[in-house]
Structures are given as C-alpha cells and as structure tokens.
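Architecture at a glance
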Amino acid sequence: MDTIYIKKQTKPGDPSVVRFIVPAVGIKAVEGTRLIPHPYGTETTTFETLEETIEQVHRAGYDAEYDSQRYPLPVRHNRQPTKKQISRKQGSHWLGLIHDAIPSLQHQLKDNAPSVVASAAWALGELRDESAIAGLIHAFSNEDATVRKHAAEALAKIGRPALGAIQLALKDKHWLVRHSALQAMIDMVHLQVDLVPELIPNALQLLKDESWLVRSQAATMFGEAAKVFHALEDKST
C-alpha cells in the first residue's frame, strides 16, 4: 500500500496558525519512492486539522504517515492463528467478553468518520453478528469505498441470515447499493460458495443494469463464481 507523508506548516510570524500539507512528492510506494499524480489533482492540498488530513488521505485510498506515526487504511490482512493453545472454555469466555462490544460497534456504523465505520463493519463481520445486518446494508450506500468493501465482506461472513437482505439490495434503486450487494456475492463466492446459487437469479438482471459500474461488477461476480464452480467440479472428478 502506498503511503502519503503529511507535512505540518506554520504561518511565518504566527506559529499558532497551523496547516497540514499533502504534497505529491510525499507519496512513497512499497518498492521505492516514485512520483505519482496527486490524489486530489493538484500539486499540494492543505487541511486545517490532522484528523481531517488523515481522513481525506484514506478516502483517496492511501495509508497516511505524520511525524513518524503511521495511520494505515482499515484493511485487514489474514494472519495465522497464534500458536499458543487455549482451552475451548477459555475461548468461549473471551468471545463472550468481545460480544459485549456489539452494541457500541453497531453505533459506530453511524459514525461520521469513514475509517471508523469501515473498522466497525469489519469487526461485526468477524463476530458474525446477525443483528448488524440492517446497519451493514445501510453502509452499502456510503460514498467511501472502504466502508462498502468491509460491509459487503461482513455480510458474506454472516452468511445465510444475510441472504434476504442481500437479495433486496440487488434490487435497490441506488446503484451503489446494487454494486455493493454484488461485492457481497463475490466475497461469498470465496467464503460460503454454497449460498451463491440462491442469489444468482436476482443478480442476472444486473448484467443489463443502467449503470455500467454495476454491469461490470455483475460480470466480475459471474466470472468469479464460474471459476470457483469449475474448480469444485474438477476436484470431484
């Protein structure tokens, strides 16, 4: 993931006036420094607060770094389970404590900061929380792509209880909701492929959707499903 380095600037003669600068030259790729077009179409962009700066960098799809502190996009990576063994009783007890956070996580789905909403959606997906389905579907229309991505993946993890909500979302008037519902199907192809055939009849019509983005997403979903179904067929022969 590329990183944008945020610079702090004070007004000459008045150090109380602070601005935060996002320069094009501050973008660094993992494999080395390279200049790329500024995410906002200008050479530099100025913000009044650090929080706002980080939020806008995340909206542009980049990690942020300021004063040696890294602020990564809320994208989760698969990690191997810890080698330390715990008893089933301990695991159940600890999971019960984590479930106490569900009401607060659901409230975070209404937060004004997209990074907070995205992280909450991811956590609710990991908790397989069925009571969060309505809030996750609502997040399908969020303008932030990371929010929609994590909401879709969370519903795919919840699985069968979320099928009805996803079916309705495939018919929603808002193209972003339809697009996100297809993303949930793509995630389901890789997480719970046996549920996908129940959604396919409603997804077929989206191959002719008025939005080219939805049509493209629908084609991607059918391609991903076909690839997985072929692989399953090959294994069975």
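A short tour of the structure in this document, coming up. Just so you know, these numbers come straight off a predicted model, no measurement behind them.

Using the criterion set out here, one finds four salt bridges in the structure. Linking glutamate 126 and lysine 157 is a salt bridge whose minimum nitrogen-to-oxygen distance equals 2.1 Å. In this pair, glutamate 126 is assigned in helix α4 (residues 114-126) and lysine 157 in helix α6 (residues 145-158), connecting sequence segments 31 residues apart. Classification of glutamate 126 as partly exposed rests on a relative accessible area of 38%.

Time to look at the packing of α4 against α6. Packing of α4 against α6 leaves a shortest axis separation of 8 Å and a crossing angle of 10°. One element, α4, and the other, α6, form an angle in the roughly parallel class. Touching Pro114, Val117, Ala118, Ala121, Trp122, Gly125 and Glu126 of α4 are Thr146, Val147, His150, Ala151, Ala154 and Lys157, all from α6. Of the residues in the contact of α4 with α6, the class split is eight nonpolar, three polar and two charged.

Further remarks concern the nonpolar core. One finds Leu136, Phe140, Leu155, Ile166, Leu182, Met185 and Met188 to be the most contacted residues of the largest nonpolar core, which totals 50 residues. Broken down by secondary-structure element, the contributors of at least two residues to this core are α3 (102-108), α4, α5 (133-138), α6, α7 (163-169), α8 (175-191), α9 (200-204) and α10 (212-236). Leave out the neighbours within four places in its chain, and phenylalanine 140 touches Arg148, Ala151, Ala152, Leu155, Ala169, Leu176, Val177, Ser180, Ala181 and Ala184. Membership of the second largest hydrophobic core comes to nine residues, among which are Ile4, Ile6, Leu50 and Val57.

Once that is clear, we can look at a nonpolar patch on the surface. On the surface, Trp175, Trp212 and Leu213 cluster together to form a nonpolar patch covering roughly 320 Å² of accessible area. Locating leucine 213 in the fold gives a position in helix α10.

Over its 17 residues, α8 extends 24 Å from the first C-alpha to the last, a length consistent with the 24 Å expected when each residue adds 1.5 Å. Taken across its 17 residues, α8 has 13 buried, putting it largely inside the fold.

This brings us to the packing of α6 against α8. Two elements in contact, α6 and α8, have axes whose closest approach is 8 Å; the angle formed by their N-to-C orientations is 50°. One finds that α6 runs oblique with respect to α8. Judged by the sense of rotation from one axis to the other, the crossing of α6 with α8 is right-handed. Counted together, Arg148, Lys149, Ala152, Glu153, Leu155, Ala156 and Lys157 of α6 and Leu176, Ser180, Gln183, Ala184, Asp187, Met188 and Leu191 of α8 form the full contact between these two elements. Grouping the amino acids of the contact of α6 with α8 by side-chain chemistry returns seven nonpolar, two polar and five charged.

With that out of the way, let us pick up unusual backbone geometry. Phi at arginine 128 takes a positive value of approximately 55°, unusual for a residue other than glycine. Look at arginine 128 and you get partly exposed, because its relative accessible area is 43%.

What counts and what doesn't
Residues numbered from 1 in each chain as written. Predicted model: local features only at pLDDT ≥ 70, side-chain atom pairs only at ≥ 80, totals over all residues. Heavy atoms only, no water. Salt bridge = Lys/Arg side-chain N within 4 Å of Asp/Glu carboxyl O. Helix = DSSP H or I, 4+ residues; strand = E, 2+ residues; numbered from the N terminus. Buried < 20%, exposed > 50% of the residue type's maximum accessible area, 1.4 Å probe, protein only. Axes fitted to C-alpha atoms, helices over the stretch in contact; angles between N-to-C directions. Parallel < 35°, antiparallel > 145°, perpendicular 65-115°, else oblique. Contact = heavy atoms within 4.5 Å. Nonpolar A, V, L, I, M, F, W, Y, C, P; charged D, E, K, R; others polar. Core = buried A, V, L, I, M, F, W, Y, C linked by side-chain atoms within 4.5 Å. Patch = residues over 30% accessible without salt bridge, like charges linked within 9 Å, V, L, I, M, F, W, Y side chains within 5 Å. Areas by Shrake-Rupley, 256 points an atom, 1.4 Å probe, with all protein chains shown as cover. Expected span 1.5 Å × (residues − 1). Left-handed = near helix turned anticlockwise from the far one by under 90°.

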